[in-house]
Structures are given as C-alpha cells and as structure tokens.
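# A structural walkthrough
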Amino acid sequence: MNHLNYGAGRRHLAAAICALVLLVGLFAFPMVSKQSGAAEEDSELIVGVLQKPDTLNPFKMALSISYTINFLVYDTLTSVEPDLSPGDQLAESWTTDASGLVWTFNLVENAKWHDGQDVTADDVVFTYNTILENPDTCALWIDYLSNIVHPVVAIDDYTVQITTDVKKATMLTIMVPILPEHLWSEVDVDKLDKIDPWDQTAFPDGPIGSGPLILDEYDATLGWIRMLAWDEYYIDQVVVDQVLFKIFLSDTTMMEALWADDIDVAMGVPARLWTETLETDGIAGQAVKALSIFELGINCASPELRENFPKASDNLETTNLSVRQAIAMATDKDYIVNDVMEGLAEVGDSIIPTATSYWHYYVDEETRWDYQIAKANALLDAAGYVDTDGNDIRDNGTSGVDLEFSFYYRSDKTDDRSAAIDIEDSLAEIGIKATPAGISEGQMYNLWLGCQMDLFIWAWDTDVDPNFMLSTQTTDQIPQSPQDWTRWSDSFWSNATYDRMYLEQQTTVDKEERQSIILEMQALLYDQCPYVVLYYPMGLYAYTTERFTNYPDMTANAGMTPGSMWFFFEVTPVADWVDPMPPENVNAGQDQSCTVGETLSFTGEADDENDATETLTWEWEFTEPDLSSTVLDGRTVSYKFDQTGIVSVMLRVTDPGGLSGVDDLVVNVTDLAEGSGWLRGVVSDEDSVGIVGATILVSDQSRSTDVDGAYMVSLPEGSYMVNASKTGYGIASGDAIIVAGETTWVNLTLALTSGTLSGYVYDNETGASIASATVEITYGDKTKKFTTNATGFYSFIAVEAGTVIVNVTKIGYEKNVTTAEVTAGNTTVCNVNLTPVKDDSGGISAVAIAGIIAVIAIVGALAAIMMMKRRKSAEPPSPPEEPPLTS
Amino acid sequence: MRNGKILIARKAFNSFITLLMVVVMNFFLFRVIPGDPLMNLRNNTRVSDEYKEQFIHDFGLDQPIYVQFLKYIENVFTLNFGNAISEPLRPAMDIILDNMVWTLILTGTSSILMIVIGMSIGILAAWKRGGAFDTGSMAFSLFFYAMPTFWFAMMLIVIFATELKWTPSGGALEYGTRFEFTWISIKDMLSHLVLPATALTIGSIAAFSLIMRGSLIDVMTEEYITTARAKGMTERKVLKDHALPNAMLPMVALIAIDIAFVVGGAFQAEVVFDYPGIGWLTVKATIDKDFPLLEAAFFLIAVVVIIANLIADVLLVYMDPRVKME
C-alpha cells in the first residue's frame, strides 16, 4: 500500500489551487476591460450581420453584404427611396428627348467626395465610360449599362447626357457606384478589379466615395468594418458618429451578442429566436417585407434538352401542364405560412414579391388556385392520369409512368423541411408520390445542373427592379450542360411569349406600360407553374432601445432597413434625442361673440407627454375682417375687438424641440345692441388673487378671464345668472341685473380643489437620477403621462386633490407603483426610486440558477455514487496486495 | 544508437510519403464535394453573366482537370495557392496565416492548460487512487468530457456574458479594435479568451487525466517500482524518478495528436464564441468550395501534423530504449 507523502500532496494541491486562481483571475479581467471600453465619446452603432464581404473593391464585389457596405460609401446616379421606388441621388432630376433614347441627368451641385473635392459630371462620365471601355475588368457592371452608347458625355460640370441604342426601361435603376475620377483614373485599367481598396499608392486616404458613410477600416480576420459619418453629405446626415458592422459566423452567436448588449442591431434574426428576442427587456424588433421568395420549383425540361444531361430525371410527367397545375392546387400555402413560418411570411403568388408591390402580380380570387384537392384530382382525372396498378399513385394512362417524383430541399433549412413534408402529404391526396430528401445546398446545385430534380424547394433574393427575377425564367437562362454554371433557370421552363414580353418590358420606358407587361408575364408564369411560389419571408431586424432610439418604421418603408442610408439618417443615441411628439390636445377655447370695443381674454390648453407646460411657447394670431393681423405671446392673452365682423383666432403651441400643434376659434364682433348694458367683474381665489383663464358663462355667452382675473361682457337688459369655473378649482355663481347703458359688477371667488404633483426619479442603487422614465398618474377616471427630463424631474399641474396612483416604469428597472396625497393649492413632492432588475436578482436569471444547481447536483450525485461503489468494493477489508518479489 | 538513426530516417521517409499522398488527395477530395464555387452568387441578383464567366476564368475553373492539377502541384512547391475564391483579392495563404494566429492563441492556451491540469489531475488521482480526490476529479472531468462542447460553451455565454455580463459574449477583441502590444489590448484579448479557453480546456481535461492516471497506475504496479521501494526510496522519489518518466510515454503520443487539434482549430468553439480561427474557416471553405483556401489550409495542417508526429517518434526513440530494439 502506498504511503501518502503529505508534503508533496500539499504542493500538488497548491499547484491545483494556483491553476484555479489563475482561471478565476482571468475572469476578473473582463470587468475591468468592459468598463474601460465604455468611456467612448463618439456614438457608435454596432450592427450585426451574417455575411462576410468577399472584397470591397467596387469592380470585384459580388456578395450582398459587399453591396450593402459599398452603397453606403458610393453614390449612384439614381437610387432607392424608403418605399423601394426609384429616386434621385447624385442626379436630382432627369429628362428624355422625344425619341426616348437621349437622357439628360442634372446632378446635385453640393455633393463632395470624402477627401473634400466636388463631385462633378466628369466623375459620372469617367465611371460609365471606363465600364463601357473595359468590359472584362468591369464585367460586374456591364449588364447595367447594356444598350448605352459609348461615350457618355458631360454637357457641363453638373449635366450628364446618356444615349441608348434602344429604349431602356431600367435606366433609373442602374446601381453602378460612381467613382472619383481624380483617384481611379490613375489606376491601370487591367487592375481595376484587382486593386485593394486600401492600396496606399492609388488611394492614400483609403477608399473615397461620396456616400453618407466613409469606409474607415475593415478587418477581415476579426470580422468588422468601421464606417464614419460623412458630415458634408447632401441628402441628410447620419446621426451617429460611427457605424461598426460586425460579422458573425452564426445567427445564434449574433443574437447572444445582442442579448448581452455587445451589439445594437441584428440583421437577419432567425425566425426561431424571434419571439424570445422580442420578449427580452430593452430589445425591440420589426418584421419587414423582404426582397425574397421561397418556391416549389418544377422541372420543365423538354425530352430533347434532357439528352444534354446524362443524369437527367427520366420522369417527363412534370412537363405536363395539368400535372404542374394540380401540384399548385394541392399546395397548402396558408398552412406553410401560418404553421411552418409562424406567420412571419406572406402567402406567395408570383416571382416578384409584395415588397416591390408596384411590380407584384396580385392574383384575383377567381384565378387563384387555393388549396383545392378535389379540383386538383378532377384536373388529373381529365388529363388521363389514373391509378391503373393499384399502388395509390396515379400513372400516365398512355405510357404507364407513375406520378412519382424526386423532391429535394436544403437539409439545413428546417422550414423547408417542414414545408416539404406538408407538400408530400398534400400530393399524396391527389395520387402523386414525392418523398422529400434533404440535401446540402452544394448537392442542390449539382442535381439542378444535372437536370435531376423533379421537384425542389429553393429560394431567391430578388431585386428592386423586376428585370433580373423575370430573366431567370427566360429560355436564355436555361443551362445547356451540367457545366453551364453561368445561367440561372432551375425550372428549365421555356415559353416564346414570355421571352418576347421579357425583351419588350426591357425597352418600355413608360412605367405603367411596363408594369402591365410585367404583370402579364407573371400571370403567364402563375398559369404555367414552373414555380409554385410558396411564400415571401419577412426580414427580421432586432435592436436595443436603451442606447439608441428613433428607429424608422420599416414595416411601412421596406427600404429603411439597417443596410440602407435611410436607417442611419434616423437612428439616434438616446442621449441626443429630442422627443418628436408635438403638443397634443391644443385647445384655444370655444367660439365667442362680443360687441365692438370689448376686450376678451383667451387662455390656451395643451398636453405634451415629454415637455412640462411651462416650457411650451404659446402664440396667438388675431386676424380682423380687413385681414390685418396681430400676434400675441403667452398662454393667456387679452385682445380688444375694434371692428365688427368675424375675427379668426389661431393658437400655436410649440415645444422646445420646435414641434407645434394648433387650434383656432372665431369671434363674432357686433355693434352694441340698443338696450344693452355691461357686465364686468373679477374672478379671484380665496386669497383675493385674480384667477387667469377662468371661464365665465352667462346666458349664451362665454368669456375667459385675463391675467388679472377680470372679465367683461355686454348683455341685453335683464336678470342673469353668472357662473365661473376653472380646472382645478370649484364652481362659483352670482346674480346680475343688467340695466341699459350701465355697467353691473359681479365679483366671484373660486375655491381651489387641485394641487401640483412633482418629483424626481432615482436609481435605487446608485442614487443617480433617471432620465426618460415614464411616470403615469391616475386619479378618478383621469390618467396623465410624463417622461422625466435629463435630471429625472417630472411635474403634473392641476391634479385633483386626493389620492393619486403614481406608476413609474423604465426599461432595465423594476416597475414602482406608489401613491401620493395631493392637497388643494399645494405642490406635493413624490420622489420615486427604481431598482435595477439585474442587481435585484443577483444578476442571474432563475433559469441560469436552476441550470447551475442542476449541474452541481448531477456532478455531486455521480461523485457520491462512485464513492459508495468504491467503499462497497473495499468491504470486507482485504490485506494489502504485496507485489511479488523478483529474484 | 545506429538503430535509432535508421529508425528516424525511416520515419522521416514515411512522413514524406504521407505528405505526398495528402497533397494528391487534397486536390481530388475537394473537387468531389457537391456544389460549385459560384453558389453564393445566387444570393446576389445583381451579378452579371459576364462577371460569372470572368470569375470562372480567373480561377482557372474552366481549364481541364489535369491542367488544374498541374497548376496545383506548382502551387504546392511555390507555396502560393493563389487568391481565395471567397475573398478574391486576398491570397489564401495570407487568410490562413492571419486566422492561424488566433487559432494558436485559443487552442494553444487551452492545450497547455488541459495538458498541465489534466496530467496533474491524472497523477494525483493515480497516486491517491480510490480516494475522494480520485473519485471526485474523475467524475468532474468525465462529466464535462461527455458534455457537448457547443452546449457547454453556450451555457458559459448565457451565464457569464448574457446574465452576469462579466465577459464579452464573443470575438477575440473588443469589436472595432485590433491587437496591439499594450496592457489594455492584452487584457482585452485575455478577457475574450476566458470563455472559449475554459470551454475547450474543461471539456477535454479527461482525455489527459484518464490516460495519465491509467498509465501511472500501470507503472506503479511494475516490479521495478517495488524494487525501488524495497531499496528504501521515499514515495515521492519513487514517483518522480521511476514511475513518472515511464508513465509519460503514452502522453507524448497524445500530445503529438493534440498538435493536430492546435493547428486544425476548434470549429465548434470558434462558431459559438465567434472567435476567428482556422476551424470555421476550413468548414466554410468546404461549404463554399473555395479550392485555393482548402488546398492551402489542408496542406499547412498536414505538414504541421506530420512534423509533430515525426518529432514525437524521434522523442520516443530517445525516451524509450525499447523502441530502438523494434
């Protein structure tokens, strides 16, 4: 038996403890690191993306993310508006001549390159002509400039003339980045698509564009791109100082970074994490119509074409229109959208998605093939497909070939798999057997180019202009051999009418005329079913709301997503944000009538959720019958009416952010009627201080008291009851007897019934005041809201005396509901402390605690079991085993 | 000693043959993966047909396969594999070396930790066989060994990054910064290294501790140990001078194998922790059919692994006289 050497044991133990301390010590680093990183002066918005740019050279880039980045750096002649329609960018206007072949573009005159030089027509001409002259190195852009006659010319510094050999419908969607001639003209034309955008010789100041963001740095290994706001951009200003695009390897990792506050915006949130993300404190999101389609593709390759593909599918039944239409009818798109996609998609019809609604073909109810199994069966019956051999699969009555198809989907897409299984079940109901098989996208390419797939679920990212998507179904795009990698048609569908219309729409400049051709093309596709478009997915975007605010409404404007300049024009750091909510419920009072020479007082009312009443500006404009006008400032003003007729009064209330609300009224001014007298008086409080803005009601006349509490009204001879009231005060009344030509005085006293409630909102842990907390008070049936200012202060005036419920909320803090006793005529102070959510719960959620406990319990249990086994095996004690001695 | 030299020469020759086979296999293996290098372009509707043709031409993908193979062999000998398809303006070798630095930091750190901690646990456990430490440490290391790395990694993120916010959730450095030899940058790098290195280390300690423990227990029952004890040596001296050197032999082979892991990267940890490295790079290159990147990466990995194994063989020759007798 070994003898323990306690000294050595202790040293080993010490070594183990040292290792542990090292690990724990390492854990301590980040706390320092995170704090030190927080002290940044520039505002930086970190946007998480899931794709890495291939290159940022504008002649070589081919991936979507490269385009996203570079179109924030470089401008185009025309661009895309927030609603995805074509709009202006460097060109502020354009005209075409009578022939429709000569286009004249007028450029903005205040655009500047990021190195400070002016953007002129020469830069546009240089870019376009370079592409036209060098189709090899500029192959990326050559398609956009098809039919443009070389050379493009500059008429003057800010006018460009482009001539085409045929009418060009896509002239306003040419997404070619305009490059600075003074830099790129120095680059050897053979190296245009090979030069590093940070090549120090050609671009000593780095990549220079004229877009809203400057491309500052790109670290391909660490996966981030830093961009800086360009202060002299001519359309609008990016609000934040810097934008950092962070590239993530997986969507889960990106979402973890968002949840951990390491990034601010996540582009492309996976649908499976959408609900969980929206439920996270401090994170909001929007589901936006995307330029994307998911389709069930059907192989329409003719028998002759299939001869070029040695491994082509030999089941030709998918070339039969009735079979394709029956498949379309048997597809339950509603189920796929609602159950598979959990509503985060729209039912699809045509290959142009609804995001570009102008070009999208909305199938009318009569034509639409809803999920109609009976109709699909009838169609197959009529086409002669019956089950002759009793295997539950219909077969071609003539050839005997079963309607049994190969069916593929991308195995890494769980949604595609679920949709495929549903389609398999539906097709079984109409006697078609299609067992779905999940394969890699790579295999999908091989099978497509081998013409081997009968049915498949795949997807496309579409473009703002419909031209490209429409081209994918033209005969020109059908691969001619398994090595024909450059074509796009995966349905192998060919239709001469469609091809003719495709060419026609390309040369139809009139937008409506082009639209009608494009709709007709889509109608033809819908009828012919090379694709059964299943759905249009939503693009999912999530973002933090604690550091940044004013995110645009992307659901209303699909062109304002985080990759667009429009997004960056809006998103604002919370600290710099001025609430855009204008004063609401502006009330100038009721219409009135009075006699000439009378002075009336007016007191305005308005609510503003984010600004105290005393910070609002009140402006009254009185317009007399002769159209002369007078402007008076102040919440309560008095005005003497000297002309008979209708006087219009407009009240404009403006908040500190410059936003305003208006209300108006009219005053009918008449001559003093015969037999009339004057009623005058003062409305005051219990301390004999005049009450401004109290309402006087007498007969059918109403008046507002002036700054001294005084009022005046002319009345016919007689007896009257005079009533006075004001919000926050009680009601008082008195009798008046009016005698012709005389003045009767009636003074009234109002008792105060309300008070003011104000206070500060503090952080319970640090004692710091909390800005932008929402304070909501409820008393009686009234509810009022206020958002605390930068010092954490809030204030409500004219709160009815009594118990008021004060509800204070702020993201990241626990809600605090308290009550306050408001007394009439007094200011009640109610300071509220909020407790940070994380600190209170020890910074760890119940789930995480449960997880840790479970892990410890399992380890403990395992150790205990093993210990017990060891002890059991040790009983009864056996003598120590002596090693045999060797001689 | 002459036997030893012949043995080393033979091993070196074998290594060279292995490398040649790997070189040839690399070329053909990647070309039978389904898909084509233009796959990613389907997601971008703006690319023209002319561009695609030019792209294929630039990468020589329109050449007959034997021409591509000859070009590849030339690349191997010049160590210039051309630009990567996924990043057409960056040489594949540059991309690999840039990522390799981070891989070495992550897997190198965790390998050192797992070897030191694993062997220490193994020695202690074997020494106090059947005791509380043996039982507890074995249960601990096996428990984490059995746990999927990605799951354990995600748990670490949820607890330490998302909930406690002690560490960053991912990345190798603070987003938007590059490594500099300053204390702040080093601290930042270490803070980003904590979670992935912990996940890799704790998850793999068992591999070392179990083998060390088993090997030491075997050795401790050898007759020469009894002899040593009989000579009156202290238990510590027996362990240090007689048991440990012999028990280390299997560990040399294990460490050599671990070198493959060090240069090959830890793909799961890289993905979960968003850590740059060669693991994810090669997986992505396989998906993208990025031939130059794959060829360069696998060539480099093969060279390092073969050399590491050769060194292990040589070491064994010197450490274990029995090898020479074979």
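Predicted model only: the values in this text are computed from it and were never measured. (Residues numbered from 1 in each chain as written. Chains lettered and ligands numbered in written order. Predicted model: local features only at pLDDT ≥ 70, side-chain atom pairs only at ≥ 80, totals over all residues.)

As a further point, take the overall build of chain A. A tally of regular secondary structure across chain A gives 19 helices and 47 strands. When contacts within chain A are restricted to residue pairs at least 6 apart in sequence, those whose partners lie at least 24 apart make up 64%. (Helix = DSSP H or I, 4+ residues; strand = E, 2+ residues; numbered from the N terminus. Contact = placed C-beta atoms within 7 Å.)

A few words on the overall build of chain B. Within chain B, the regular secondary structure consists of 14 helices and zero strands. Overall, chain B shows an N-to-C arrangement of helices and strands of α-α-α-α-α-α-α-α-α-α-α-α-α-α. Taking the principal axes of the C-alpha coordinates as reference, chain B spans close to 85 × 60 × 40 Å. The buried share of chain B, taken over its 326 residues, is 43%. Long-range contacts, defined here as pairs at least 24 residues apart, represent 72% of the contacts in chain B between residues at least 6 apart. (Buried ≥ 20, exposed ≤ 12 C-beta atoms within 10 Å, placed from the backbone.)

Our next topic: the sheet that holds strand E7 (residues 159-163) of chain A. Residue and element names in this part refer to chain A. Here we have four strands laid out as an open sheet, ordered E4-E5-E7-E6, and antiparallel in their pairing. The open sheet terminates on both sides in strands that have one partner only, identified here as strand E4 (91-96) and strand E6 (153-156). Here the average twist between neighbouring strands, direction ignored, is 25°. Examined bridge by bridge, strand E5 (residues 102-107) and E7 share five bridges and lie antiparallel to one another. The partner of Thr104 across the bridge, within E7, is Gln161. (Pairing = 2+ DSSP bridges. Axes fitted to C-alpha atoms, helices over the stretch in contact; angles between N-to-C directions.)

Residues and elements named next belong to chain A. Here Tyr729 shows up in the loop between strand E36 (718-725) and strand E37 (731-738). Judged by local crowding, Tyr729 falls into the buried class, with 22 C-beta atoms found within 10 Å. Sequence separation of Tyr729 and Val125 is 604 residues, and the distance between their C-alpha atoms is 74 Å. For Tyr729, the residues in contact, after removing those within four places along its chain, are Ile691, Leu750, Ala751, Leu752 and Thr753.

Glancing now at the nonpolar core. Judged by nonpolar contacts, the single largest core of 252 residues is most densely connected at Ala266 and Tyr541 of chain A together with Ala297 of chain B. Ranked by the residues each element gives to this core, the list is headed by helix H4 (residues 92-127) of chain B, at 19 residues. Once you skip the residues sitting within four places of it in the chain, Ala297 of chain B turns out to touch Ile96, Ile278, Leu281, Thr282 and Ala285 of chain B. Core analysis: the second largest hydrophobic core is formed by 20 residues, Val761, Phe786, Val808 and Cys830 of chain A among them. (Core = buried A, V, L, I, M, F, W, Y, C linked by C-beta atoms within 7 Å.)

This brings us to the pairing of strand E24 (residues 592-595) of chain A. Residues and elements named next belong to chain A. Side chains Gln592 and Cys594 project from E24 onto a buried face, and the interleaved Ser593 and Thr595 project onto a face without burial. The sheet contact formed by E24 and strand E31 (residues 660-670) spans four bridges and is parallel. If you follow Cys594 over to E31, its bridge partner there is Val669.

All names here are of chain A. Of note, the bond from His150 into Pro151 is cis; its omega dihedral lies within 30 degrees of zero at 5°. Note on placement: Pro151 falls in the loop between helix H4 (139-142) and E6. For Glu342, which is not a glycine, the phi torsion comes out positive at approximately 50°. Within the secondary structure layout, Glu342 lies in the loop between helix H10 (333-340) and strand E14 (345-347).

Here we take up the confidence of the model for chain B. Residue and element names in this part refer to chain B. Confidence in the prediction of chain B, expressed as mean pLDDT, is 84, and 93% of residues score 70 or more. Per-element mean pLDDT across chain B ranges from 64 in helix H14 (residues 321-325) up to 90 in H4. Two summary scores accompany this predicted model of the complex, namely pTM at 0.71 and ipTM at 0.86. (pLDDT = per-residue confidence, 0-100.)

This paragraph deals with the sheet that holds strand E27 (residues 617-623) of chain A. Residue and element names in this part refer to chain A. Taken in spatial order, the five strands make up an open sheet running E24-E31-E30-E27-E28, and their pairing is mixed. Two strands lie at the open edges of the sheet, namely E24 and strand E28 (629-633), each paired on one side alone. Each strand of the sheet is rotated relative to its neighbour by a mean of 25°, with strand direction disregarded.

A word on the packing of helix H5 (residues 132-146) of chain B against helix H7 (residues 183-220) of chain B. All names here are of chain B. Interaxial distance between H5 and H7 falls to 7 Å at its minimum, and their mutual angle equals 125°. The pairing of H5 with H7 is recorded here as oblique in orientation. When the axes of H5 and H7 are compared, the crossing they make is left-handed. In this structure, H5 uses Ser137, Ser141, Leu142, Phe144 and Tyr145 to contact H7, whose residues at the interface are Ile202, Gly203, Ser204, Ile205, Ala206, Ala207 and Ser209. Residues of the contact of H5 with H7, tallied by class, amount to seven nonpolar, five polar and no charged. (Parallel < 35°, antiparallel > 145°, perpendicular 65-115°, else oblique. Left-handed = near helix turned anticlockwise from the far one by under 90°. Nonpolar A, V, L, I, M, F, W, Y, C, P; charged D, E, K, R; others polar.)

This part covers helix H9 (residues 235-247) of chain B. All names here are of chain B. Taking 1.5 Å of rise per residue, the 13 residues of H9 would be expected to cover 18 Å, yet its terminal C-alpha atoms sit only 16 Å apart, more than 12% below that figure. Along H9, the sharpest change in direction is near 25° and occurs at Asp241; proline Pro245 comes one to four residues later. Close packing links the buried residues of H9 with H4, H7 and helix H8 (223-230). (Expected span 1.5 Å × (residues − 1). Bend = angle between axes of the 7 residues up to and from the residue.)

Residues spaced three or four apart along an α-helix face the same direction, because each turn holds 3.6 residues. Residue and element names in this part refer to chain A. Within helix H13 (residues 441-449), the full set of buried residues consists of Met444, Tyr445, Leu447, Trp448 and Leu449. The elements touched by buried residues of H13 are strand E17 (404-410), strand E18 (433-439) and strand E19 (455-461). Among the residues trailing H13, Cys451 stands out with phi positive, at a value near 60°.

With that settled, consider the pairing of E36 of chain A. All names here are of chain A. As paired elements, strand E33 (residues 695-698) and E36 share four bridges and run antiparallel to each other. The residue of E36 that forms the bridge with Ile696 is Ala724. Direction of pairing for E36 relative to E37: antiparallel, over a ladder of eight bridges. For Ser725, the partnering residue across the bridge sits in E37 and is Ile731. Hairpin connection between E36 and E37: a loop of five residues separates the two successive antiparallel strands, and Gly728 in this loop has a positive phi of roughly 95°.

With that settled, consider the environment of Ala374 of chain A. Following the sequence through the fold, Ala374 of chain A ends up in helix H11 (residues 373-382). The spatial distance from the C-alpha of Ala374 of chain A to the C-alpha of Ser660 of chain A is 61 Å, given a sequence separation of 286 residues.

All names here are of chain A. On average, chain A scores 86 in pLDDT, and the residues at 70 or more come to 90%. Counted against residues more than four places away or in other chains, residues 1-40, with its pLDDT under 50, gives 33 contacts. pLDDT under 50 marks residues 839-844. Its contacts with residues more than four places away, or in other chains, come to 10 contacts.

Below, the discussion takes up the packing of H4 of chain B against helix H10 (residues 249-264) of chain B. Two numbers describe a pair of packed helices, the interaxial angle and the distance between the axes. Residues and elements named next belong to chain B. Relative orientation of the contacting elements H4 and H10 amounts to 155°, with a least axis distance of 9 Å. Judged by the inter-axis angle, H4 sits roughly antiparallel to H10. Classified by chirality, the crossing of H10 by H4 is right-handed. Residues Thr103, Leu104, Thr107, Gly108, Ser111, Ile115 and Met119 of H4 lie in contact with H10, whose contacting residues are Met251, Ile255, Asp258, Phe261, Val262 and Val263. Partitioning the contact of H4 with H10 into residue classes produces eight nonpolar, four polar and one charged.

With that settled, consider the environment of Asp75 of chain A. Residues and elements named next belong to chain A. The topology assignment puts Asp75 in the loop between helix H2 (64-73) and strand E2 (78-80). Residue class for Asp75 comes out buried when judged on the 26 C-beta atoms lying within 10 Å of it. Other than its neighbours up to four places away in sequence, Asp75 contacts Gln89, Leu90, Ala111, Ile178, Ser210 and Gly211.

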